Amino acid sequence: MISLGHYLALATLIFGLGAAGFLSRRNVLIQLMSIELMLNAVNVVLVAFNRFHPENHAGQLFAFFVIAVAAAEAAVGLSIVISLFRLKKTVESDRADLLKH
Amino acid sequence: MSLAGTLLFYLCATIGVGSAVATVTLRSPLRAAVALLLHIVALAGLYLTLSAHFLAALQLLVYAGAVVVLFVFTIMLIGPDAEVPPNARTFGVRALGVAVVALLTAAAVSTVVRISPQTPTLAGCTAEQGAECGQFGGVGALGRVLYTDSVILFELVSVLLLVAVIGAVAVARGRTTKEAEAAKARRLAREAAEAEEEAAARKLSAEVAAHGGH
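Given the structure is predicted, the values throughout are model-derived calculations rather than measurements.

On to the overall build of chain A, then. For chain A, the helix and strand inventory stands at three helices and zero strands. For chain A, the N- to C-terminal ordering of α and β elements is α-α-α. Taking 13 Å as the expected radius of gyration for a compact globule of 101 residues, we find that chain A reaches 17 Å, considerably beyond that expectation. Considering chain A as a whole, with its 101 residues, one finds that 65% of them fall into the buried category.

As a further point, take the interface of chain A and chain B. Residue-level contacts link 67 residues of chain A with 80 residues of chain B. Buried surface at the junction of chain A and chain B, summed over both partners, amounts to about 6700 Å²; 78% is from carbon and sulfur atoms. Seen at the junction of chain A and chain B, the total is 15 residue pairs in polar contact (both at pLDDT 80 or more). Residue assignment for the side of chain A that touches chain B shows that the elements contributing at least two residues are α1 (4–24), α2 (28–52) and α3 (58–88) of chain A. When residues of the side of chain A that touches chain B are assigned to their parent elements, the largest contribution, 22 residues, is made by α3(A). Within the side of chain A that touches chain B, the residues separate by chemical class into 43 nonpolar, 17 polar and seven charged.

To continue, consider the nonpolar core. Ranked by internal contacts, the top residues of the largest apolar core, which has 70 residues, are A:Tyr7, A:Leu29, A:Phe64, B:Leu55 and B:Phe71. Those elements giving two or more residues to this core turn out to be α1, α2 and α3 of chain A together with α1 (3–25), α2 (29–49), α3 (53–78), α6 (139–148) and α7 (151–172) of chain B. Here the element with the most residues in this core is α3(A); it accounts for 13 residues. With sequence-adjacent residues up to four places away left out, A:Leu29 is seen in contact with A:Leu78, A:Val81, B:Pro29, B:Phe71, B:Thr74, B:Ile75, B:Ile78 and B:Ala82.

Glancing now at α7(B). Here α7(B) spans 32 Å end to end across 22 residues, near enough to the 32 Å set by a 1.5 Å rise per residue. Taken residue by residue, α7(B) has B:Phe154, B:Val157, B:Ala164, B:Ala168 and B:Ala172 as its buried positions. One side of α7(B) carries all its buried residues, which in axial view fall inside an arc of 70 degrees. Among the exposed residues of α7(B), those oriented more than 90 degrees off its buried face are B:Ile152, B:Leu156, B:Leu162, B:Val163, B:Ile166 and B:Ala170. On its buried side, α7(B) packs onto α3 of chain A together with α6 of chain B.

Below, the discussion takes up the side chain of A:Ser24. Looking at the element boundaries, A:Ser24 is found in helix α1. Apart from residues lying up to four places away in sequence, A:Ser24 is in contact with B:Arg94 and B:Val98.

With that out of the way, let us pick up the confidence of the model for chain B. Residues and elements named next belong to chain B. Of the residues in chain B, 93% have a pLDDT of 70 or more, and the chain-wide mean is 88. No element of chain B has a lower mean pLDDT than helix α5 (residues 131–135), at 67, and none a higher one than α2, at 95. As scored by the predictor, the complex reaches a pTM of 0.84 and an ipTM of 0.94.

Here we take up the pattern of salt bridges. All names here are of chain B. Enumeration according to the criterion identifies five salt bridges over all chains in this entry. Across the pair arginine 202 and glutamate 198 runs a salt bridge, and its minimum N-O distance is 3.2 Å. With arginine 202 and glutamate 198 both in helix α8 (residues 177–213) and four residues apart, this pair spans about one turn of that helix.

With that settled, consider the packing of α3(A) against α7(B). Between α3(A) and α7(B), the shortest axis-to-axis distance is 8 Å and the interhelical angle comes to 10 degrees. Judged by the inter-axis angle, α3(A) sits roughly parallel to α7(B). For the pair formed by α3(A) and α7(B), the contact residues are A:Phe64, A:Phe65, A:Ala68, A:Val69, A:Ala72, A:Ala75, A:Val76, A:Ser79, A:Ile80, A:Ile82, A:Ser83 and A:Arg86 on the first element and B:Leu153, B:Phe154, B:Val157, B:Leu160, B:Leu161, B:Ala164, B:Ala168, B:Val171 and B:Ala172 on the second.

What counts and how
- Residues numbered from 1 in each chain as written.
- Chains lettered and ligands numbered in written order.
- Predicted model: local features only at pLDDT ≥ 70, side-chain atom pairs only at ≥ 80, totals over all residues.
- Heavy atoms only, no water.
- Helix = DSSP H or I, 4+ residues; strand = E, 2+ residues; numbered from the N terminus.
- Rg over C-alpha atoms; globule rule 2.2 N^0.38 Å.
- Buried < 20%, exposed > 50% of the residue type's maximum accessible area, 1.4 Å probe, protein only.
- Contact = heavy atoms within 4.5 Å.
- Buried area = accessible area lost by both parts, 1.4 Å probe.
- Polar contact = N/O pair within 3.5 Å; in protein donor to acceptor, adjacent residues only side chain to side chain.
- Nonpolar A, V, L, I, M, F, W, Y, C, P; charged D, E, K, R; others polar.
- Core = buried A, V, L, I, M, F, W, Y, C linked by side-chain atoms within 4.5 Å.
- Expected span 1.5 Å × (residues − 1).
- Arc of directions from axis to C-beta.
- pLDDT = per-residue confidence, 0-100.
- Salt bridge = Lys/Arg side-chain N within 4 Å of Asp/Glu carboxyl O.
- Axes fitted to C-alpha atoms, helices over the stretch in contact; angles between N-to-C directions.
- Parallel < 35°, antiparallel > 145°, perpendicular 65-115°, else oblique.

Encoded structure:
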């Protein structure tokens, strides 16, 4: 039988993968995709808890707003990637160091 | 949960984890984007096992239909430079980051697996729960909550999306041809003025030298 723990373990694993990808990759595009993975993992937790406490729709409502905010974040993040590429001719996050020097 | 639901859970969980690994490990960003697409479809399947039908549809519409397409457009716009060549210099720091995250994730997963037998399992709707149980997670039930209790949040999110779109256009938009030409003309004029000034200064210093010679 599938219990709440199954969903939580799966979501934890996906969140860990996203966090590891964000820390280890230097490609800004793939770092943004890792952020999407982490947001998706949180959504799974919210929806799973809501399914096991179905008195209201609070969890699904939260997941709805997380999806909307993630879409906004992707749009702004990708436009920053484009302007970084215009400036540096690369999408390597190590090269985004204008504020450092 | 029925046998079909259990099978769907394991199928979607396997695909979801596998495609998440592919997303963070593949070198080509386009392939990573396709893996992300697969991950999102698998999670939509998981939402179906949690009877969140409306969210499963939203997941496909917003993530697969908009976010991944935006990623693919950006990768196409950037072209072959979207792939970052390997760099061995920072390998140690990145390996350390992955190790710390792996440790934390392993701890969290093992805790969750340990308490997992005590967590509730899913049961189907029984007859005495009535029709309301079957409505859970549908468009009607979620839409009612969305437009009554949290209507202000809903409107605020639409403002947020509008601001994000305007911000994205403002940040990503480069100079237009006209603006680039104007900037080039300004730069040329400034350089010409500087050259003229320098020539005048040189002439003056030459005159001073000649005068001093007498």
